[in-house]
Amino acid sequence: MSRAPLVLSLGEPAGIGPEVVAKAWTALRSEAPFFVVGDAWLLAAQGIAVSEIDHPSEAATSFGRALPVLHHPAPAPVTAGTPDVRNAGVVADWIEKSVALCLSGDASGLVTAPIAKAPLYAAGFRFPGHTEFIAELTADAPLDGTRGPVMMLTARDLRACLVTIHLPLDQVPEMVTAERVKRTARVVHEAMRRDFGIARPRLAMAALNPHAGENGALGLQEIEVLRPAAEALRAEGIAITDPLPADTMFHDEARATYDAAICLYHDQALIPVKTLDFWGGVNATLGLPIVRTSPDHGTGFEIAGKGVARPDSLIAAICLASEMAAARASR
Ligand SMILES: NC(=O)c1ccc[n+]([C@@H]2O[C@H](COP(=O)([O-])OP(=O)(O)OC[C@H]3O[C@@H](n4cnc5c(N)ncnc54)[C@H](O)[C@@H]3O)[C@@H](O)[C@H]2O)c1
Ligand SMILES: N[C@H](C(=O)O)[C@H](O)COP(=O)(O)O
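Residues numbered from 1 in each chain as written. Chains lettered and ligands numbered in written order. Predicted model: local features only at pLDDT ≥ 70, side-chain atom pairs only at ≥ 80, totals over all residues. Heavy atoms only, no water.

- As annotated in an unreviewed UniProt entry, the chain carries the name 4-hydroxythreonine-4-phosphate dehydrogenase and is attributed to Brevundimonas subvibrioides.
- Quoted straight from UniProt, the Sequence similarities (unreviewed entry) entry for the chain says "Belongs to the PdxA family."
- Comment text from UniProt for the chain, heading Subunit (unreviewed entry), reads "Homodimer." (UniProt positions renumbered as here; feature names shortened; annotations may be inferred.)

So, in structure tokens, the structure goes:
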């Protein structure tokens with residue numbers, strides 16, 4: 001039985017989303033179908049054929065010759081590179097509608113084109129980003145296992161999962177608690193099995209302090225928080241290391257020793273991933289009732305409308321969402 005198509009939410013209309021969505025469709029039009037929830041006119045303006053559909057089940061019919069779109073127009077005129085706060089509401093609506101289609105089974109997973117946080121915040125959007133918004137939208141849907149969200153950035157053979165996300169650095173030490181670390185590791189362990197088909201996941205925990213605290217001389221979090229958390233997780237049957245010095249856990253040979261890294265703050269995870277492969281990196285949200293991925297880049301306002309944005313990361317996000325959806329369907 002063929003799976004439902006993936007759904008893409010169009011993201012910030014003034015960003016590079018419409019351009020990279022059009023380029024991704026052009027690259028993938030002979031592959032498995034997907035459809036977009038967004039402004040069909042904006043996508044047609046990218047110079048591709050667009051087919052307005054009334055239901056996701058129609059996506060496969062037109063996908064090879066036209067990009068299927070559930071049309072929901074942006075209310076305010078769109079100027080590439082200059083977000084208009086009057087469109088912030090429709091950006092959130094596109095995400096909400098896409099999530100609902102995943103929950104109803106009409107879509108097999110969600111790929112979110114980039115949003116810009118500042119205009120959304122200006123319009124009263126009360127979530128840090130997609131991750132927390134989608135977690136709220138799916139909070140009442142059943143999930144077998146520990147509920148996320150956990151943000152995971154992945155590129156090539158690296159999967160880096162975050163204990164804390166959009167926090168000022170000076171708040172990280174107090175937010176890195178044993179409970180947060182354990183919850184994150186449980187979500188990641190279960191997601192490696194559910195979404196990636198890894199029967200016995202190997203997790204590597206990053207230390208917070210240089211040289212993993214140098215036995216307490218450079219900080220106490222490893223002794224007081226992280227090692228006890230790792231011991232408790234191992235007692236639950238989760239294979240996880242003691243906190244490792246973060247500067248020596250991302251080289252080629254080190255990455256081969258684990259399936260996912262548990263990182264303690266945003267840039268500890270995102271710098272190695274975006275250094276390894278900025279163009280092919282993907283952001284995935286673990287621990288949700290639905291599959292959700294996103295490109296690792298943002299709205300690229302300074303290049304929006306110039307025709308130079310690269311679709312690589314969105315293409316990788318579409319491919320990863322398809323793989324995760326297939327893994328879930330095979331369970
Ligand atoms: N997936 C997402 O929704 C997502 C991810 C990251 C940032 N953001 C948001 O995007 C906005 C801008 O963030 P930023 O400037 O920090 O990051 P950005 O990724 O938008 O831009 C960083 C740099 O990379 C370039 N770039 C990005 N994507 C590119 C592509 N596909 N092809 C060619 N060049 C590309 C940009 O031109 C810029 O020079 C912010 O509001 C941020 O919160 C959203
Ligand atoms: N930290 C993410 C990244 O750099 O890719 C980005 O802010 C996206 O976050 P959401 O997916 O929660 O919008």
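Focus on the UniProt feature "binding site: substrate" (unreviewed entry) in the chain
Argument step 1. The UniProt record annotates "binding site: substrate" (unreviewed entry) at His130, Thr131, Lys274, Asn283 and Arg292.
Argument step 2. Within the secondary structure, Lys274 sits in helix 11 (residues 266–277).
Argument step 3. Given a relative accessible area of 28%, Lys274 falls into the partly exposed group.
Argument step 4. Within the fold, Asn283 resides in strand 11 (residues 282–286).
Argument step 5. Judged by its relative accessible area of 10%, Asn283 falls in the buried class. (Helix = DSSP H or I, 4+ residues; strand = E, 2+ residues; numbered from the N terminus. Buried < 20%, exposed > 50% of the residue type's maximum accessible area, 1.4 Å probe, protein only.)

Structural notes on the UniProt feature "binding site: a divalent metal cation" (unreviewed entry) in the chain
Argument step 1. Within this numbering scheme, the UniProt entry marks His166, His211 and His266 as carrying the feature "binding site: a divalent metal cation" (unreviewed entry). Across 101 residues in sequence, these annotated residues place their C-alpha atoms as far as 24.3 Å from one another, rather than forming a single compact spot.
Argument step 2. As for its position among the elements, His166 is in the loop between strand 7 (158–162) and helix 7 (172–175).
Argument step 3. With relative accessibility at 42%, the residue His166 sits in the partly exposed group.

Brief notes about the site of ligand 1
Argument step 1. Surrounding ligand 1, one finds 18 residues, the nearest of these being Ser294, Gly298, Gly300, Glu302 and Arg310.
Argument step 2. Between ligand 1 and Arg310 there is a distance of 2.8 Å, counted from a nitrogen atom to a backbone nitrogen or oxygen.
Argument step 3. In isolation ligand 1 offers 810 Å² of accessible surface; the protein chains occlude 67% of this area.
Argument step 4. Residues of the shell around ligand 1, tallied by class, amount to nine nonpolar, six polar and three charged. (Near = heavy atom within 4 Å. Polar contact = N/O pair within 3.5 Å; in protein donor to acceptor, adjacent residues only side chain to side chain. Areas by Shrake-Rupley, 256 points an atom, 1.4 Å probe, with all protein chains shown as cover. Nonpolar A, V, L, I, M, F, W, Y, C, P; charged D, E, K, R; others polar.)

Focus: the domain arrangement of the chain
Argument step 1. Here the chain is described as being made up of domain 1 (1–143 + 315–331) and domain 2 (144–287).
Argument step 2. The straight-line distance from the C-alpha centre of domain 1 to that of domain 2 is 28 Å.
Argument step 3. Domain 1 puts 18 residues into the contact, and the matching count from domain 2 is 19 residues.
Argument step 4. Between domain 1 and domain 2 the total buried area reaches about 1500 Å² when both faces are included, carbon and sulfur atoms providing 62% of it. (Domains from an automatic or database assignment. Contact = heavy atoms within 4.5 Å. Buried area = accessible area lost by both parts, 1.4 Å probe.)

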